[in-house]
Amino acid sequence: MRELLEWFVQILAPAYVVYTLAATGSAVVERCGVLNLAIDGLFVLSSSLAYTYAVLFSALLQGGAPATWLSLLLTAATVALLYSLYTTLSTVLPVSQGAIGLSFMFIGYGLGAVVGNIGRIAFGLRGVRVAYLGAGHGSAASAYLSTILAVTAVYLLLYKLKLGVMIRAVGEDPRLASQVGVSVTGTRLLTGLLGGALVGLGGALFTLWRVGGWSQGQGLNHGWLAYAISIAGWRHPPLVALVSLFFSTAYVLLPHLQRLGLPIEASTAAPYVTSIAIMVVVSSIRGRSRLLADPKSLGRAFFREEQV
Amino acid sequence: MVRVSLVVTKRYRERMITSTPAILTVSLVLGLVVSYLAIWATVGLEPASFFATFYQTLASYSGLLEPFLFLTLLGAAISVAFYGSYWNVGAEGQYVLGMLGAMYLVMFSPLSGTLLEGDRASAAVVKLAAVILGGLLGALWSVIPGFFKAFVRVNEVPVLLLMNYVAYCLSDYLTGGPWKGRYTYGYIRTDMIPEAARLTVVPGLEILRYEVAVAAAAVLAGVYLVLERTRLGLRIKVLGTNPVALRSLGYDDRTVILTVAALSGFIAGLAGALRLLGYDYRLPYNIGDGKTGFYGYTAILVAWLSFRDVRLLVPSAVIVSALNSFGYRMQLSLKGLLPPGVSAHAFSQIFIGITLAVYTIARVARDHSVRLVIER
């Protein structure tokens, strides 16, 4: 029993960390009123970027863990910048957030493949080895711990600090927020940086830890799984972390259903069906408190021409 | 302190600085240039062979007919949905469901027996029934996310995209399981549908099927009439631009969302059924591995470029099918150049993304004036 539990904790860790970080990032982005339809593309892009950075630095630094950690950080930084571009663009221009989000999604998919292939062709095929993060006993425990710390930090920022109030105010009513002196663009830019860093970190860990390798198309749909978790956790970081625990458990255990005689297609489809189901069930619960409700201006174009 | 801000103002006067075709051209050219740069960065392809392939594609117009018809059908499906702000990115799954519906009807339903009798009239009825069943299954696949959007307020985009993969899985399950063929030379796929169930090849133009051409024309006309001449069309448009107004007028916006979703899914399913009966004749295993040609995704671009103007559907379908065939040819000519594991699908995704983004932003720039204000 003890062995089974240990095995479970080990295999759950990478999935849990990846989905929790990406879902928390998505929750932050949507709390400021920007519909996060870019997530899947940017998740794919971050998983590819992490690989390319990792092979690049492994070649430059002669391999080792520092290269891996450096690529984690750089992926988070790059994706943070892209996310802030996304949140800023969908704020300063009165465009449909759906349109810009889908464009970013497609560009993310394509660019991810290009970036990853560049790394693979330039270094990977030449035998550069990357020190992927192992699933050692200590690393699983510290990963759970640092994820929970990160989620707590995001929670404190969103609900206890002035910046968090600004972020949520902008998500509720950007017009009103800007009338009381909050810079809507500036706040959303910062939120994009924060949320993007989390999504980027999730995507990077997906490649460097959960999968431990890269192939074209990697990470596809996993961004949507994170999106589903963020919705199901009502975009409230501690709840997101909790929902993510259930979800990752299901996701890790589902492939084992095949042993029970279920067709392989059913276990492939299961996470997608589960995601849809949890989004629907959670969204149908009425009478939530204001703190858990959807941001009122989510997905609406912010047009401030009257203030010229 | 210096304060820099962007001021965006709506142009109230009708000042058509740039026309829609000009914006279209600019976004397509930028899309091409960026995807070329991506190919160049990955495999170092020189411009000459890139543009030579481009020219060859345009020169062989008859090859464009088949993608053109399907992209028109799917573009019309998605376009209807876009009118009502139902972001139907799930046409791919609805298209697959259409194929499944048609397959079931001509191979496994009680009606399939009539096909063997050789009676042309009853074969025509079976084919029609197959196409309608395909449409209905497509509609069902689209109404599920529509229902969640209307009644539970779950954003439809992730649900639709995830359901595309569920559709692939469903098709693979059937193809590898209950519908697995006996005469397949060891491949996992279904058997071919009977000759009598196949659509009519136009003599002299082997790539064309009468029924597909008729369906595309009928769908275009139907979509135009519904949107421009009926109350339902008006309600769909109001839903797309101002759902609050729709509610104030006393209509239930939820019913309109469901109608739009059903209509859009029906057309996409119809396209899938026609595809199966007219061209594919069987279902392959691993259908999500590019075996649909990703038409359901490519058609998003068709709908987008003709945004809220049905008349632009045909020219955008022409452009997109040309680019799609170009992408396909590039894939073939790149095949020797690309190292194993690299799929050229990425370049068309970049193309779709860049074109969508530039087109969206350029339209804003046309309808609004954007000024940079620096205050001291």
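Before reading further, recall that the structure is shown in the block above.
Model, not experiment: these values are computed from the prediction.

Draft legend 1. Representation of the overall build of chain B in the model. Check the secondary structure of chain B and you find 13 helices and four strands. The proportion of buried residues among the 376 residues of chain B is 47%.

Draft legend 2. Looking closely at the interface of chain A and chain B. Between chain A and chain B, the residue contacts involve 42 residues of the former and 42 residues of the latter. Residue assignment for the side of chain A that touches chain B shows that the elements contributing at least two residues are helix H4 (97-122), helix H9 (222-232) and helix H11 (264-283) of chain A. In terms of residue count, H4 of chain A provides more of the side of chain A that touches chain B than any other element does, 15 residues in total. Each residue belonging to the side of chain A that touches chain B can be placed in one class, and the counts come to 29 nonpolar, eleven polar and two charged.

Draft legend 3. The arrangement of the packing of helix H2 (residues 39-60) of chain A against helix H8 (residues 184-211) of chain A in detail. Residue and element names in this part refer to chain A. Where H2 contacts H8, the axes come no closer than 7 Å and their chain directions differ by 55°. Taken together, the axes of H2 and H8 are oblique relative to one another. Crossing of H2 against H8: the hand is right-handed. Here Ile39, Leu42, Phe43, Ser46, Ser47, Ala50, Tyr51 and Ala54 of H2 lie close against H8, whose contacting residues are Val199, Gly200, Gly202, Gly203, Ala204, Phe206, Thr207 and Leu208. Residue composition of the contact of H2 with H8, grouped by class: ten nonpolar, six polar and no charged.

Draft legend 4. Structural detail: H8 of chain A. Residue and element names in this part refer to chain A. Between the first and last C-alpha of H8 there are 38 Å, a value that for 28 residues agrees with the 40 Å anticipated at 1.5 Å per step. The sharpest bend along H8 comes to roughly 35°, located at leucine 205. Most of H8 sits out of view: 22 of its 28 residues are buried. Just past H8, the residue glycine 212 takes up positive phi, approximately 70°.

Draft legend 5. Highlighting the environment of glutamine 216 of chain A. Residue position: glutamine 216 of chain A is located in the loop between H8 and H9. The spatial distance from the C-alpha of glutamine 216 of chain A to the C-alpha of valine 170 of chain A is 37 Å, given a sequence separation of 46 residues.

Draft legend 6. Region of interest: the nonpolar core. All names here are of chain B. Within the largest apolar cluster, 216 residues are counted, with the highest numbers of intra-cluster contacts made by Leu73, Leu74, Ala102 and Ile267. At 14 residues, helix H10 (residues 253-280) tops the list of elements feeding residues into this core. Apart from the residues lying within four places of it in its own chain, the contact partners of isoleucine 267 are Leu73, Ala76, Ala77, Val80 and Val219.

Draft legend 7. Representation of unusual backbone geometry. The residue arginine 235 of chain A is not glycine, and still its phi comes out positive at about 55°. Structurally, arginine 235 of chain A can be placed in the loop between H9 and helix H10 (237-253). For arginine 235 of chain A, a count of 27 C-beta atoms within 10 Å translates into the label buried. In this model, phenylalanine 294 of chain B sits at a positive phi of 55°, which is unusual for a non-glycine residue. Relative to the assigned elements, phenylalanine 294 of chain B resides in the loop between H10 and helix H11 (295-305).

Thresholds applied
Residues numbered from 1 in each chain as written. Chains lettered and ligands numbered in written order. Predicted model: local features only at pLDDT ≥ 70, side-chain atom pairs only at ≥ 80, totals over all residues. Helix = DSSP H or I, 4+ residues; strand = E, 2+ residues; numbered from the N terminus. Buried ≥ 20, exposed ≤ 12 C-beta atoms within 10 Å, placed from the backbone. Contact = placed C-beta atoms within 7 Å. Nonpolar A, V, L, I, M, F, W, Y, C, P; charged D, E, K, R; others polar. Axes fitted to C-alpha atoms, helices over the stretch in contact; angles between N-to-C directions. Parallel < 35°, antiparallel > 145°, perpendicular 65-115°, else oblique. Left-handed = near helix turned anticlockwise from the far one by under 90°. Expected span 1.5 Å × (residues − 1). Bend = angle between axes of the 7 residues up to and from the residue. Core = buried A, V, L, I, M, F, W, Y, C linked by C-beta atoms within 7 Å.

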